[in-house]
Amino acid sequence: MAISVIGEFKDPTELLKAAKQTRKAGYEAFDAHSPFPIHGMDDAMGLKGSILGWVVLCGGLTGCVAGFGLQAWVATEAYPLVISGKPLFSYQAFVPVTFEVTVLFSAFAAVFGMFGLNKLPQLYNRLFKHKSFSKKATSHGFFISIDSELSDDEVSIVEFLKSIGATNVSGVKE
Amino acid sequence: MAEVNKLNGFLEKRFPKIALVVGIIGICGAIILGREDSTQFFYSYLVSYLFFLTISLGALFFVIIQHLTRAGWSVGLRRIPEHLMANLSLMAVLFIPILLGLHDLYHWSDTAEVLHDALLLKKAPFLNVPFFIVRAVLYFASWIWLARFFFKNSTDQDKSGDKGLTLSMQKVSAVAILIYALTQTFSAIDWIMSLTPHWFSTMIGVYIFAGGILTSICTISLIALLLRRFGYLRETINVEHYHDLGKLIFGFVIFWAYIGFSQYFLIWYANIPEETEWYLHHISGNWNTFAIFIIVFHFVVPFFLFASRHAKRNLKLHTGVVLLLITMHFFELYWVVMPNFSHHGIHVSSLDFLCFLGIFGIYTSVLFFRMGKFSLYPLKDPRLKESQDFINH
């Protein structure tokens, strides 16, 4: 049965130090929780750069092609109308809408890509069962949680978190 | 932090002198060759003049906006735009040749011709030589006053460390931005739009501004990178600051394209002869190819190169993009000004190079000569530490 062990730390500096030590100790399935972003946490946890930028680029290019394509098709094939004596394929006139659709698709890709990469929305997470965590994690608490597939690991993980200075250490099960 | 705050060695002593010699050779060469074709000379001169003027003006805007927004991140690099804007006094002197070439550049200045031209007759109350000169004096007076004010307060603070100077600069910055917006816009109308006096565009001011501020930020970055190469400001201006300059450059690349297209788009849509005339000249012959070249290398290429965070933080790539954009700004101004002279296509003249070399030499010489006399960054600005500790998320 999968478990998570949670330990609380005093402040961002302690959390940063703890994240480094956790990583050094060889744990891979762990996370640091803080009410606000902490400089250097990505490096401390050994996180790679997000691929969100590429997702947004793909979204933007799709929007660009879709916006331009739709207008070109409508203006020349589906509903050809001569407007103020200009050619049917007046690409100049398509630019504003192409631009807007590019921005729209990029924004959608950014928001929903972020949701996807963060596995949101998540209505339930076993970490919420931890009393201190559910009270403080979004306001003034700093936590590290380490996951394991084997509940037998609980004791050793608790020992480890205590050894790096965590308080309120306890494991939560599914 | 032990950071060298004074230029010394080559950049302080020899470089300004070499630049000055290059500048004098350029100007003298241009004057000698220009005697045969004065119109070509004045057009070539105007392009190069506008190139450096827009950089200095952009720098003035940059400094004003930093004070207006009470920016902390930029304090460490603020001395560079301060030096660039201080060159506005030099630009006032370099404006004299344009006054001498009024009749070659602006055909509305010819009273006999105006009498036969109904449109120009209507515009004569604004477009006449005395008022043109009065306006030019007014622009330079306000720019030099603003530049001196911000430069003096900032450098005085190096000695006294008086925090009140920061406050007084913040106070003036609000009025300054208003004065800047008006003078910048009207100077673009006077010196660029009136090259084609029948034509009008309400966007020309902001269009020239967009190119200028973009190039100015690129120049700030380039000078910082140059100083870095020589071992200066390696800590005060670190990769975080280049990243932020990169973000501004990226934003203004888009802004420039947005403004440039908006100007074109409205004129294209309305299709009124007085307005389309301008674009007709600017896309006839190989000017059309040149225009496409500008769109690609002033917008498309830098847009994709600089979209990524890694690109902005990679100083080699950063240098490349910045150089590309500065070059493209020159080409853009060339495209804006030159078709009024060589109507049917690009006509490269040796005067284009000589004028550029001349102004470039004098401009850089004065710039580095002044840089050698002051600290390289605002030593005692109350927000210097905030700037040095600044980190991007």
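Here the structure is a predicted model, which is why all the values come from computation and not from measurement.

## Description of the overall build of chain B
Reasoning step 1: A tally of helices and strands in chain B yields 18 helices and zero strands.
Reasoning step 2: The C-alpha radius of gyration of chain B comes to 21 Å, within 12% of the 21 Å expected for a compact globule of 393 residues.
Reasoning step 3: For the C-alpha atoms alone, the extent of chain B along its principal axes is close to 70 × 40 × 40 Å.
Reasoning step 4: With 393 residues in all, chain B has 55% of them scored as buried.
Reasoning step 5: Pairs at least 24 residues apart make up 84% of the contacts formed inside chain B by residues separated by at least 6 positions.
Reasoning step 6: Accessible surface, chain B as shown: approximately 16,600 Å² in total, 70% of it carbon and sulfur.
Reasoning step 7: Charge-centre separation for chain B: the mean point of 29 positive side chains lies 13 Å from the mean point of 24 negative side chains.

## Re unusual backbone geometry
Residues and elements named next belong to chain A.
Reasoning step 1: In the segment running from Leu120 into Pro121, the intervening peptide bond is cis, with an omega of -5°.
Reasoning step 2: Along the chain, Pro121 falls in the loop between helix H4 (91-117) and helix H5 (131-136).
Reasoning step 3: Even without a glycine there, the phi angle at Asn168 is positive, about 50°.
Reasoning step 4: Position of Asn168 among the secondary structure elements: in strand S4 (residues 167-173).

## Here's the deal with the pairing of strand S1 (residues 3-9) of chain A
Residue and element names in this part refer to chain A.
Reasoning step 1: The buried fraction of S1 amounts to seven of the seven residues, a majority that puts the element mostly inside the structure.
Reasoning step 2: Because side chains alternate across S1, one face comprises the buried residues Ile3, Val5, Gly7 and Phe9, and the other comprises Ser4, Ile6 and Glu8, equally buried.
Reasoning step 3: As defined by bridge partners, S1 adjoins strand S3 (residues 142-148) across seven bridges and the pair is classed as antiparallel. Bridge pairing in S3 places Val5 opposite Ile146.
Reasoning step 4: Summarising the sheet, S1 and S4 pair through five bridges and their orientation is antiparallel. Bridge pairing in S4 places Ile6 opposite Ser170.

## Brief notes about the sheet that holds strand S2 (residues 30-33) of chain A
Residue and element names in this part refer to chain A.
Reasoning step 1: The sheet built from four strands is open, its strands ordered S2-S3-S1-S4 with antiparallel pairing. The sheet terminates laterally at S2 and S4, the two strands that pair on one side only. When the angles between neighbouring strand axes are averaged without regard to direction, this sheet yields 15°.
Reasoning step 2: For S2 and S3, the ladder comprises four bridges, and the chain directions are antiparallel. Across the sheet, residue Asp31 finds its bridge partner in S3, namely Ser145.
Reasoning step 3: Across the sheet, helix H1 (residues 12-24) is in contact with S1, S2 and S3; its angle to S3 comes to roughly 20°.

## A look at the packing of aromatic side chains
All names here are of chain B.
Reasoning step 1: Enumeration over the complete set of coordinates arrives at 69 aromatic pairs over all chains.
Reasoning step 2: Taking 6.4 Å as the distance between ring centres and 45° as the angle between the ring planes, the aromatic pair formed by Phe52 and Phe360 counts as tilted. Of the two residues, Phe52 is situated in helix H2 (residues 38-68) and Phe360 in helix H17 (residues 350-371); the sequence distance between them amounts to 308 residues.
Reasoning step 3: On the basis of an interplanar angle of 25° and a centroid distance of 6.0 Å, the ring pair of Phe290 and Phe293 is categorised as stacked. Pair noted here: Phe290 and Phe293 are both in helix H14 (residues 287-306), with a separation of three residues, about one helical turn.

## What about the environment of Gly49(A)?
Reasoning step 1: Along the chain, Gly49(A) falls in the loop between helix H2 (41-45) and helix H3 (52-78).
Reasoning step 2: C-alpha separation for the pair Gly49(A) and Val74(A), spaced 25 residues apart in sequence, amounts to 41 Å.

## Observations regarding H4(A)
Reasoning step 1: Counted at 1.5 Å a residue, the expected span for H4(A) with its 27 residues is 39 Å, and the 36 Å between its end C-alpha atoms agrees.
Reasoning step 2: The largest bend along H4(A) measures about 25° and falls at Val97(A).
Reasoning step 3: Turning to H4(A), its buried residues number three or more, namely Gln92(A), Phe94(A), Thr98(A), Val101(A), Thr102(A), Ser106(A), Ala109(A) and Gly113(A).
Reasoning step 4: In this structure, the buried residues of H4(A) make contact with H3 of chain A together with helix H12 (239-270) of chain B.
Reasoning step 5: At the exit of H4(A) stands Lys119(A), carrying a positive phi of roughly 55°.

## Section: the environment of Leu81(A)
Residue and element names in this part refer to chain A.
Reasoning step 1: With respect to the helices and strands, Leu81 occurs in the loop between H3 and H4.
Reasoning step 2: Here the alpha-carbon distance between Leu81 and Phe99, two residues 18 residues apart in the chain, equals 22 Å.
Reasoning step 3: Sequence-distant contacts of Leu81, defined by excluding residues within four places in its chain, comprise Ala75 and Leu88.

## Side note on H12(B)
Turn by turn, an α-helix covers 3.6 residues, leaving residues three or four places apart pointing in a common direction.
Reasoning step 1: Compared with the 46 Å implied by 1.5 Å per residue over 32 residues, the 46 Å span of H12(B) between its first and last C-alpha is a close match.
Reasoning step 2: Its side-chain oxygen 3.0 Å from the backbone nitrogen of Glu240(B), Asn238(B) forms the N-cap of H12(B).

## Quick notes on the interface of chain A and chain B
Reasoning step 1: Each side of the interface is counted separately: chain A has 11 residues, and chain B has 11 residues.
Reasoning step 2: Counting each side, the surface lost to burial between chain A and chain B is near 1,000 Å², with a carbon and sulfur contribution of 77%.
Reasoning step 3: Where chain A meets chain B, there are zero salt bridges.
Reasoning step 4: For the interface between chain A and chain B, the tally reads three residue pairs in polar contact (both at pLDDT 80 or more).
Reasoning step 5: Mapped by element, the contributors of at least two residues to the side of chain A that touches chain B are H3 and H4 of chain A.
Reasoning step 6: For the side of chain A that touches chain B, the leading source of residues is H4(A), giving five residues.
Reasoning step 7: In terms of residue class, the side of chain A that touches chain B is built from seven nonpolar, three polar and one charged.

## Some points on the nonpolar core
Reasoning step 1: Residues Tyr49(B), Leu53(B), Tyr106(B), Phe150(B), Trp191(B), Leu227(B) and Trp335(B) are the most contacted members of the largest nonpolar core, which totals 124 residues.
Reasoning step 2: Looking at this core, the element that brings in the most residues is H2(B), giving 19 residues.
Reasoning step 3: Core analysis: the next-biggest nonpolar cluster, separate from the first, contains 23 residues, Val5(A), Met41(A), Ile164(A) and Val169(A) among them.

## Topic: the domain arrangement of chain A
Reasoning step 1: Looking at chain A, the domain boundaries give domain 1 (3-48 + 129-173) and domain 2 (52-117).
Reasoning step 2: Between the C-alpha centres of domain 1 of chain A and domain 2 of chain A there is a distance of 44 Å.

## Quick look at the packing of helix H1 (residues 14-34) of chain B against H2(B)
Residue and element names in this part refer to chain B.
Reasoning step 1: Contact pair H1 / H2: the axes reach a minimum separation of 8 Å and the direction vectors enclose 150°. For the element pair H1 / H2, the angle class is roughly antiparallel. Counted together, Ile27, Ala30, Ile31 and Gly34 of H1 and Ser38, Phe41 and Tyr45 of H2 form the full contact between these two elements.
Reasoning step 2: The residue makeup of the contact of H1 with H2, split by class, is five nonpolar, two polar and no charged.

## Side note on the side chain of Ser74(B)
Residues and elements named next belong to chain B.
Reasoning step 1: Considering the arrangement of structural elements, one finds Ser74 in the loop between H2 and helix H3 (79-86).
Reasoning step 2: The buried category is assigned to Ser74, whose relative accessible area is 1%.
Reasoning step 3: What Ser74 contacts, discounting residues up to four positions off in sequence, is Gln66 and Ser387.

Conventions adopted
- Residues numbered from 1 in each chain as written.
- Chains lettered and ligands numbered in written order.
- Predicted model: local features only at pLDDT ≥ 70, side-chain atom pairs only at ≥ 80, totals over all residues.
- Heavy atoms only, no water.
- Helix = DSSP H or I, 4+ residues; strand = E, 2+ residues; numbered from the N terminus.
- Rg over C-alpha atoms; globule rule 2.2 N^0.38 Å.
- Buried < 20%, exposed > 50% of the residue type's maximum accessible area, 1.4 Å probe, protein only.
- Contact = heavy atoms within 4.5 Å.
- Areas by Shrake-Rupley, 256 points an atom, 1.4 Å probe, with all protein chains shown as cover.
- Lys, Arg positive; Asp, Glu negative; His and termini not counted.
- Charge placed at Lys NZ, Arg CZ, Asp CG, Glu CD.
- Pairing = 2+ DSSP bridges.
- Axes fitted to C-alpha atoms, helices over the stretch in contact; angles between N-to-C directions.
- Phe/Tyr/Trp six-rings, centres within 6.5 Å; stacked < 30°, edge-to-face > 60°.
- Expected span 1.5 Å × (residues − 1).
- Bend = angle between axes of the 7 residues up to and from the residue.
- Polar contact = N/O pair within 3.5 Å; in protein donor to acceptor, adjacent residues only side chain to side chain.
- Buried area = accessible area lost by both parts, 1.4 Å probe.
- Salt bridge = Lys/Arg side-chain N within 4 Å of Asp/Glu carboxyl O.
- Nonpolar A, V, L, I, M, F, W, Y, C, P; charged D, E, K, R; others polar.
- Core = buried A, V, L, I, M, F, W, Y, C linked by side-chain atoms within 4.5 Å.
- Domains from an automatic or database assignment.
- Parallel < 35°, antiparallel > 145°, perpendicular 65-115°, else oblique.

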